[in-house]
Structure formats: structure tokens, C-alpha cells
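Letter by letter, the chains look like this.
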Amino acid sequence: MRLQHSFLLSLQSLLLAKVAYAAFGFTTSGNSINVDTNAGLLFTVDKSSGDITSMKFNGIEVQDPGSKKSHINSGVGAKCSATRTGNSNNYIKITCEAGTLTQYYVARYNDPSIHMATHITAEPSVGELRFIARLKRSAVPNGFVASDVNGGSVIEGADVFNLKSQTRSKFYSSRQFIDDQIHGVTGSGVGVWMIIPGTGYESASGGPFFRDINNQGSAQQELYYYMNSGHAQTEQFRMGLHGPYALSFTTGAQPSASINTLFWEGLSVKGLVPQSGRGRVIGRSSGVPSSFAGLQVVGTRTDSSGRFTSPFMKPGTYTMTLYKAELPVATQSVTVTAGGTLTSNIASAEVSRSAIWQLGEFDGTPRGFLNADKIETMHPSDARMKSWGPATFTVGDSVANLPMAVFKDIGPLTIKFNLNSNRLGARTLEIATTNAFAGGRPQVKVNNFTGPAPAAPGQPNSRGVTRGTWRGNNIRYTVNIREHSHSAEMRFEAALILNGME
């Protein structure tokens, strides 16, 4: 009797599973590849272009109906094919080829997500690599306020706007890659989320503190994943496989960013290195004050005791970097082998200095200075910003009154200080910067002494501070000052991003 009961339950479960499974699959109609995930998400890929032309979740169409669809870059004219594959045919893989670029879309049984990966052997002609989901604003109206430009008027380039007396830009939706595993937009009964899990950024360019566009709210609601661009870029672009990443759908709540991507290993994807062919680096950092977040290797933060474990990495030789916030304070070479775990401890090599006075921290950021708490989400001209100057600052005052940027057109920054007689004589001034624009660099005047004009810095040829980022190349300027009087006044007459001074 017990056996019969068990058999009936098993048979019932099997029948239910077969009924549910039957909804999962794809059909082709003309140029449309229509996919049903059996999880409330249906989507369509145009096999003649590679564009996603429809995304319907629980009956809600979220793809914008306009002429611009969802696609890699701004559309690449790819030719696509679809197959059912993977473990027990529980996956649908759509492969879209466009010369040196291959875009993969994958549906997984009972998963309301469009899983993606992008493989390139050359940088696209547009000069950047990104996926754009162009969504229906009426379906998902809730994006990032700072990047909602709908109805605004342009004040800089074609990407910074004024709206309701506030500056807005798609750049103000950005977050540093190290902290950006998920971002999304929502509406009534639906949320659309871009997820970049695990090693999703390993082929991206710019390093862990690079940031790029996540969202723009205009007539469409645009959701992005940027893999590379020239937006304050400090590295060469990387070829190969970018991702995996996913566009995931919910009834509104943010899903977990920790999605399992191991299923990709069974899908025959270009450039994919399986986890068994990767290695890890473990170890412990030391010498960085506990008030700063340490970071090693590719996007790995230490815990409170300095311990770290890297993601699974491709075999090869890497430069492991220890940061004090965003300032590199130690580097060393590590070699990762397939299936191996390397132990490599790292200690800060930063030299401790005795300063007569110091403003801020040498940490690779302008945090703590005036307007630094606002610059990531608004333009320097925004009415919510405090005055940039011309500013006069007296040593001993709070650094919160010292502007985090100096603009040549606004005027120099004057710093006043007094030295006791036992501190007279030749002195050294150090100025640390994190970025500059149009060749901006500091030239110092102390009373009747004028320091040399530094050479133009090696910084990205791109707007930074007006686009919500201070991240460029950390540069420290050293000025040897001749003997001077008890009181002194320093004037900086250049555009620069201040990081710290001593």
C-alpha cells in the first residue's frame, strides 16, 4: 500500500513536470525567434539583426515599441541562429554573428532571465562595447533620478541636462565596477535588472574603480551594461569573451546578483574558460589602515582582517595590487595556474611621512573635500553645489571647506598658513591629483616664489568631473620651495582634481 502511494505520487509529479516543461522552447516565424522560458518571460530576437524586439513578462510588454530596440552597441546587423541544447535540453542558445563580434542570448528553463555573453576579436567601430536594453518608459518608469533627463534642456555636450533646476545625466547613474553587480528599473508589477555576476567584468577595461553609464530615462527607459568605452578610460581595451551577464525580470523586487553561471560551460561558447581551467589567489594584506578598504587582484575586497580570496581566474601572470581606498600602495606579480590555488600575501609599501601640515588623505580620492559628496550625481554648475570659489582656505579649517576641484576659469585656490621660526627654510610641497582635463595641472606661488610649470599630465582625453567621476591616473606633483617668511600664501593657478596635500 505504501509502495502504491509512492508510485502514484511519483507519477503525478512526472505528469506535472511534463506539462510544465512543454511550455519551454522556441519557435521561428519569419525573422523572429520567439522564446518561452516557462517562467513568465517571453522574448523575441530578430535573426536578421540580433536585436531583441519584444520582452514580455507576466503579460507586460517592457520592450519599447520605437524603432530602436534592445541590442549590443547600437545594433550590429548580426545574423542569428537558435538551438535547444545543454543539460537535458534545458537551454535555448541564440548565436548572433557580426564579423568580429558574436552575441549570445541564452534562455534557461524556468528562469525569467535573458542570459548573455559577448565575444569580440576587435573593438567595434563605434569605439565602445555595451548592451542597451531600450525599455518602455510607461512599463518601467522608475530608474535613477539623477539620470532621468526626460524633458530637460542640454547644458553640456549632448549628455548633460538641466531639469527642474537640477542637472541630470546618464553618467550620474554610474557606479564603480567593484560595487556594481546589479542595477535596474521598475514599474507596476515588473522589475528589469542588469546582473554582472562573478567574473563578468574580467574582460572589461578601466580597473575596479572605473564607472560607466547604467541608466538613462528619456522617452525610453534605457538600461546598460558597459564593457568598455573612452569615458575617462585609463586602460587598453581587452578582447575575448565579456560576461556572462543577464537581464533578469521580477515582479519588482531586486533579485540576488549571485547567479550561478556554470551552465555556460556546456553551451560551446567562444572564449569561455571553464572553472576547472581556472585558478585562484588567496592571502592576507597588511599595512593599510583599517579605515580604508583594501583591494587585491581583480575586484576582490579584503575582509576586516585583511584576508582575501580571488574569483576563479584565467591562467596567466597578473599584477596584484593593494589599494588604500583607490591609491595603489603595493604591487607584486602572481602566476595563476589551471586548478591551482596560490597563496600570496601582500603588504603596503607606502612610505610614512612627517608633515608640517596635511589636508586630506593620500588615498586616491577627493572624499572629504567640498562638493566631493555631490560630484558623482550632479554637474559642478548644479545649484545644489557649494561655491567653487575663487576660494581662500586657512590651514586648520575643516577640509570640508576646501574645494575638491579647481577650475581655471573660476580662479586659483589660495591656501594660507604660518610657519614657526624653527620650520623656516626650504620645504617640499606635494600635491596629489586623481584626474585633470585639457592638460590642467597645478602651478604653485608662495609669496614671491613661483614654482615651475609642470608638463601636461598623462590623463584620459575625456571629461571626468562634469560626468560624475574623479577617476583618472593618480599623479603626485612635488614642488621644492625656496626659503620663505613666517607667513605664506599658496596659489594654485590651474584646473585640477585635488586628492590630498602635504
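Residues numbered from 1 in each chain as written. Predicted model: local features only at pLDDT ≥ 70, side-chain atom pairs only at ≥ 80, totals over all residues. Heavy atoms only, no water.

**Student:** Help me out: how do you make sense of the overall build of the protein in this one?
**Tutor:** In terms of regular secondary structure, the protein is built from 1 helix and 38 strands. Structurally, the protein occupies a C-alpha span of about 100 × 55 × 50 Å along its principal axes. Buried residues in the protein amount to 50% of all 502 residues. For the protein, contacts bridging at least 24 residues in sequence account for 68% of all contacts bridging at least 6. Approximately 21800 Å² of the protein is accessible, and the part contributed by carbon and sulfur atoms is 49%. One finds the centroid of the 45 positive side-chain charges in the protein at a distance of 3 Å from the centroid of its 34 negative side-chain charges. (Helix = DSSP H or I, 4+ residues; strand = E, 2+ residues; numbered from the N terminus. Buried < 20%, exposed > 50% of the residue type's maximum accessible area, 1.4 Å probe, protein only. Contact = heavy atoms within 4.5 Å. Areas by Shrake-Rupley, 256 points an atom, 1.4 Å probe, with all protein chains shown as cover. Lys, Arg positive; Asp, Glu negative; His and termini not counted. Charge placed at Lys NZ, Arg CZ, Asp CG, Glu CD.)

**Student:** How should the pairing of strand 30 (residues 391-394) be read in this particular structure?
**Tutor:** The side chains of a regular strand alternate between both faces of the sheet. Residues of strand 30 alternate between two faces, with A391 and F393 buried on one and T392 and T394 left unburied on the opposite face. Note that strand 30 and strand 32 (residues 413-418) share 4 bridges and pair parallel. The residue of strand 32 that forms the bridge with F393 is I415. (Pairing = 2+ DSSP bridges.)

**Student:** Would you mind going over the pattern of salt bridges with me for this structure?
**Tutor:** Once the charged atoms of two side chains with opposite charge are near each other, the side chains can pair. Scanning the entire structure with this criterion turns up 20 salt bridges. Across the salt bridge formed by K270 and E97, the nearest N and O atoms sit 3.3 Å from each other. Separated by 173 residues along the polypeptide, K270 in the loop between strand 21 (240-250) and strand 22 (280-286) and E97 in strand 8 (residues 91-98) bring together distant segments of the chain. The exposure class of K270 is partly exposed, given its relative accessible area of 36%. A relative accessible area of 33% places E97 in the partly exposed class. The salt bridge partner of R108 is D111, with a shortest N-O separation of 3.0 Å. One network of salt bridges, with partners in common, ties together E156, D159, R463 and R467. (Salt bridge = Lys/Arg side-chain N within 4 Å of Asp/Glu carboxyl O.)

**Student:** What exactly am I supposed to notice about the sheet that holds strand 12 (residues 153-156) here?
**Tutor:** On the basis of which strands lie adjacent, the open sheet formed by 3 strands has the order 12-13-14 and antiparallel pairing. Each end of this open sheet is capped by a strand with a single partner; those strands are strand 12 and strand 14 (166-169). Sheet twist, expressed as the mean angle between neighbouring strand axes with direction ignored, is 45 degrees. With 4 bridges connecting them, strand 13 (residues 160-163) and strand 14 associate as antiparallel partners. For L163, the partnering residue across the bridge sits in strand 14 and is Q166. (Axes fitted to C-alpha atoms, helices over the stretch in contact; angles between N-to-C directions.)

**Student:** Got a minute to help me understand the side chain of S54 in this structure?
**Tutor:** Topologically, S54 is positioned in strand 4 (residues 52-57). Judged by relative accessible area, which is 18%, S54 ranks as buried. In terms of polar contacts, S54 uses its side chain to reach the side chain of E61, at 2.7 Å. (Polar contact = N/O pair within 3.5 Å; in protein donor to acceptor, adjacent residues only side chain to side chain.)

**Student:** Would you mind showing me how to read the nonpolar core here?
**Tutor:** The nonpolar side chains of soluble globular proteins are, as a tendency, buried together. In terms of nonpolar packing, the biggest core is built from 43 residues, with I94, I114, F131, V192 and L247 touching the most fellow members. When residues in this core are grouped by element, the largest group, 4 residues, is from strand 11 (residues 129-136). M404, F449, V465 and I475 belong to the second-largest nonpolar core, a separate cluster that totals 29 residues. (Core = buried A, V, L, I, M, F, W, Y, C linked by side-chain atoms within 4.5 Å.)

**Student:** I'm lost on the state of the cysteines in this one. Help?
**Tutor:** Here a disulfide denotes a covalent bond joining the sulfur atom of one cysteine to the sulfur atom of another. Considering all chains together, one arrives at 1 disulfide under this definition. Between the sulfur atoms of C80 and its disulfide partner C96 the distance amounts to 2.2 Å. Residues C80 and C96 are joined through a disulfide that is right-handed, its torsion about the S-S bond being 110 degrees. Residue C80 is found in strand 7 (residues 79-85), and its partner C96 is found in strand 8; the two are separated by 16 residues along the sequence. Judged by relative accessible area, C80 falls into the buried class, the value being 12%. (Disulfide = S-S within 2.5 Å.)

**Student:** Would you take a moment to explain the packing of aromatic side chains for this structure?
**Tutor:** For any pair of aromatic rings, the description rests on two quantities: the centre-to-centre distance and the angle between the ring planes. The final tally for this structure, using the stated rule, is 13 aromatic pairs. A ring pair is formed by F177 and F210, whose centres lie 5.4 Å apart and whose planes are at 70 degrees; its orientation type is edge-to-face. Remark: F210 occurs in the loop between strand 17 (190-195) and strand 18 (211-212) and F177 occurs in the loop between strand 15 (175-176) and strand 16 (182-187); sequence separation between them is 33 residues. In this structure F210 comes out as buried when scored by relative accessible area, which is 3%. (Phe/Tyr/Trp six-rings, centres within 6.5 Å; stacked < 30°, edge-to-face > 60°.)

**Student:** Where do I start with unusual backbone geometry in this structure?
**Tutor:** Comment: phi is negative for the bulk of residues other than glycine, and the bulk of peptide bonds are trans. The step from G243 to P244 runs through a cis peptide bond, and the omega angle for that step is 5 degrees. As for its placement among the helices and strands, P244 is situated in strand 21. For the peptide bond that leads from G389 to P390, omega is 10 degrees, which places it in the cis range. As for its position among the elements, P390 is in the loop between strand 29 (346-347) and strand 30. A positive phi is found at N73, a non-glycine position, where the angle reads about 55 degrees. You can see N73 is positioned in the loop between strand 6 (71-72) and strand 7. Phi at N371 takes a positive value of approximately 75 degrees, unusual for a residue other than glycine. Inspection of the secondary structure assignment puts N371 in the loop between strand 29 and strand 30. For N371, a relative accessible area of 2% gives the class buried.

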